[in-house]
Amino acid sequence: MLSFVSEVSIHLLRTTMPLSTESQSEDVQDVLVANLDNARSLSNILKAITCKDHAIFTATANGLKVTVEDCKCMQANAFIQADIFQEFMLKDDIVVFQVNLTVLLDCLNIFGGSPAAGVSTALRMCYRGYGHPLTLFLEEGGVVTVCKINTSEPEEPIDFEFSSSNVTNKVILLSESLKEAFSELDMTSEVLEITMSPSQPYFRLSTFGNSGNAHYDYSKDSDMMELFQCDRTQTNRYKMSLLKPSTKALAISCKVSVRTDSRGVLSLQYLVRNDDGQICFVEYFCCPDEEVEEG
């Protein structure tokens, strides 16, 4: 047995039994069991929210929600629907625990992050409840690795009270377009300024970095713009250090929804397709750094 920083214990087994058989006898005591034929479906979406070490897992009948927060000013959520899993068993209405996300990702990629063509790592994830570790059974090529990761009781995540009824402006863009914008803007800027307006410039991203001021504008009729709904002109600034982690989600997404509410709170919702073409969502909330006076 190998132990790393008291967070995880790992056992290596060689077996010809199916992964489900390996842990079947223990399922009776588990409050959560989730099976995936391809562990990359989970690891890729979790990488998209990795900005702090610890994450809160919330399991309901709808699936898994994984939450990471930074300074109570930014929150990242990954949503993995129950039907993404080949098996998703939940004994309670809701199961909540906190786990070290960095350690979890290391375990999910224990056979290597880039498997050979046609080879995937099967995952069975089990949790018995408060005080128990999160147990991962990972199988590839007849080798099963069992990882037990310590869990803890999480603090209540911040409620940004972001309601669709309070959304003042919303645009949906193709992700490729936003990647292009970020490549042209000056990322040495301490803030990203977002302007959304029913009139020109419609949707503008601005930075104020070492190379001077830079703006990237979108027309409401742009081919890159799938939806444009703006009720009033709104300009807000957001700390670049809080937004940079969201570029991991942008990199693997197809579309992104950009919304602001009446307080200037920003929601970035990314639509992500996994290796099997199934859809997951990643959402970032960020509080405004300062509001700019509307001219």
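Residues numbered from 1 in each chain as written. Predicted model: local features only at pLDDT ≥ 70, side-chain atom pairs only at ≥ 80, totals over all residues. Heavy atoms only, no water.

Asker: Looking at this structure, I do not really get the nonpolar core. What am I missing?
Answerer: Inside soluble globular proteins, nonpolar side chains tend to come together where they are buried. Core analysis: the largest hydrophobic core is formed by 76 residues, its most contacted members being Leu46 and Leu136. Top contributing element to this core by residue count: helix α3 (residues 101–108), with 6 residues. Once residues lying within four places of it in the same chain are set aside, the contact partners of Leu46 are Phe57, Val66, Leu101, Leu104, Leu105 and Leu108. (Core = buried A, V, L, I, M, F, W, Y, C linked by side-chain atoms within 4.5 Å. Buried < 20%, exposed > 50% of the residue type's maximum accessible area, 1.4 Å probe, protein only. Helix = DSSP H or I, 4+ residues; strand = E, 2+ residues; numbered from the N terminus. Contact = heavy atoms within 4.5 Å.)

Asker: Help me understand the pattern of salt bridges in this model?
Answerer: Oppositely charged side chains can pair when the atoms bearing their charge come close. This model, assessed by the stated rule, comprises 12 salt bridges. With a shortest N-O distance of 2.6 Å, Arg204 and Asp217 are connected by a salt bridge. Separated by 13 residues along the polypeptide, Arg204 in strand β15 (residues 203–209) and Asp217 in strand β16 (residues 212–218) bring together distant segments of the chain. The closest approach of N and O atoms between Glu226 and Lys255, which form a salt bridge, is 3.0 Å. Here the residue Glu226 occupies a position in strand β17 (residues 225–230), and Lys255 occupies one in strand β19 (residues 253–261), the gap between them amounting to 29 residues. Relative accessible area serves as the criterion here: at 45%, Glu226 is assigned to the partly exposed category. (Salt bridge = Lys/Arg side-chain N within 4 Å of Asp/Glu carboxyl O.)

Asker: Quick question: what am I supposed to make of the environment of Ser164 here?
Answerer: You can see Ser164 is positioned in the loop between β12 (151–152) and β13 (167–174). For Ser164, a relative accessible area of 62% translates into the label exposed. Residues Ser164 and Thr260, 96 residues apart in the sequence, show an inter-C-alpha distance of 9.6 Å.

Asker: Help me understand the pairing of strand β20 (residues 266–273) in this model?
Answerer: Consecutive side chains of a regular strand alternate in pointing toward one face of the sheet and then the other. Counting buried positions along β20 yields 6 of 8 residues, so the element is predominantly enclosed. Relative to β20, β19 runs antiparallel, the two being bridged by 7 bridges. The residue of β20 that forms the bridge with Lys255 is Leu271. The turn joining β19 and β20, which pair antiparallel and follow one another in sequence, is formed by 4 residues; a positive phi near 90 degrees is taken by Gly264. Pairing analysis gives 8 bridges linking β20 to strand β21 (residues 279–286), with the strands arranged antiparallel. If you follow Val272 over to β21, its bridge partner there is Cys280. Between the end of β20 and the start of β21, which pair antiparallel, lie 5 residues, with Gly277 showing a positive phi angle near 85 degrees. (Pairing = 2+ DSSP bridges.)

Asker: Any chance you could explain the layout of surface pockets here in plain terms?
Answerer: Gaps left between atoms show up when a probe the size of a water molecule is rolled over them. In this structure, the largest pocket spans a volume of roughly 180 Å³. Together, Lys52, His54, Ala55, Ile56, Thr67, Val68, Glu69, Lys72, Gln98, Glu155, Glu156 and Pro157 line the largest pocket. Put simply, the parts of the chain that give the lining of the largest pocket at least two residues each are β4 (54–60) and β5 (63–70). The class makeup of the residues in the lining of the largest pocket is 4 nonpolar, 3 polar and 5 charged. (1 Å grid on protein atoms, 1.4 Å probe; cavity = no way out; pocket = protein on both sides within 12 Å on 5 of 7 lines; lining within 4 Å. Points joined across faces, edges and corners; volume = space filled by probe spheres on them. Nonpolar A, V, L, I, M, F, W, Y, C, P; charged D, E, K, R; others polar.)

Asker: Teacher, can you tell me more about the side chain of Ser197 here?
Answerer: Inspection of the secondary structure assignment puts Ser197 in the loop between β14 (191–196) and β15. Here Ser199 takes part through its backbone oxygen, which lies 3.0 Å from a polar atom of the side chain of Ser197. Once residues within four sequence positions are removed from consideration, Ser197 is found in contact with Tyr202, Phe228, Cys230, Arg232 and Thr233. (Polar contact = N/O pair within 3.5 Å; in protein donor to acceptor, adjacent residues only side chain to side chain.)

Asker: Looking at this structure, I do not really get the environment of Val272. What am I missing?
Answerer: Among the secondary structure elements, Val272 is positioned in strand β20. Along the chain, Val272 and Leu250 lie 22 residues apart, while their C-alpha atoms are 8.7 Å from each other. Residue contacts for Val272: discarding those within four places in its chain leaves Ile45, Ile252, Ser253, Gln278, Ile279, Cys280 and Val282.

Asker: So what exactly am I meant to see when it comes to the environment of Val99 here?
Answerer: Here Val99 is to be found in strand β8 (residues 95–100). A relative accessible area of 1% places Val99 in the buried class. Not counting chain neighbours up to four residues away, the residues in contact with Val99 comprise Asp53, His54, Ala55, Phe57, Leu104, Leu134, Ile149 and Asn150.

Asker: Any chance you could explain unusual backbone geometry here in plain terms?
Answerer: The phi angle of most residues is negative, glycine excepted, and most peptide bonds adopt the trans form. The omega torsion of the bond from Gln200 to Pro201 falls at 10 degrees, within 30 degrees of zero and hence cis. Here Pro201 lies in the loop between β14 and β15. A positive phi angle is found at Lys72, which is not glycine, with a value near 60 degrees. Locating Lys72 in the fold gives a position in the loop between β5 and β6 (74–81). At Glu161, a residue that is not glycine, the phi angle is positive and equals roughly 50 degrees. In this structure, Glu161 sits in the loop between β12 and β13. Classification of Glu161 as exposed rests on a relative accessible area of 56%.

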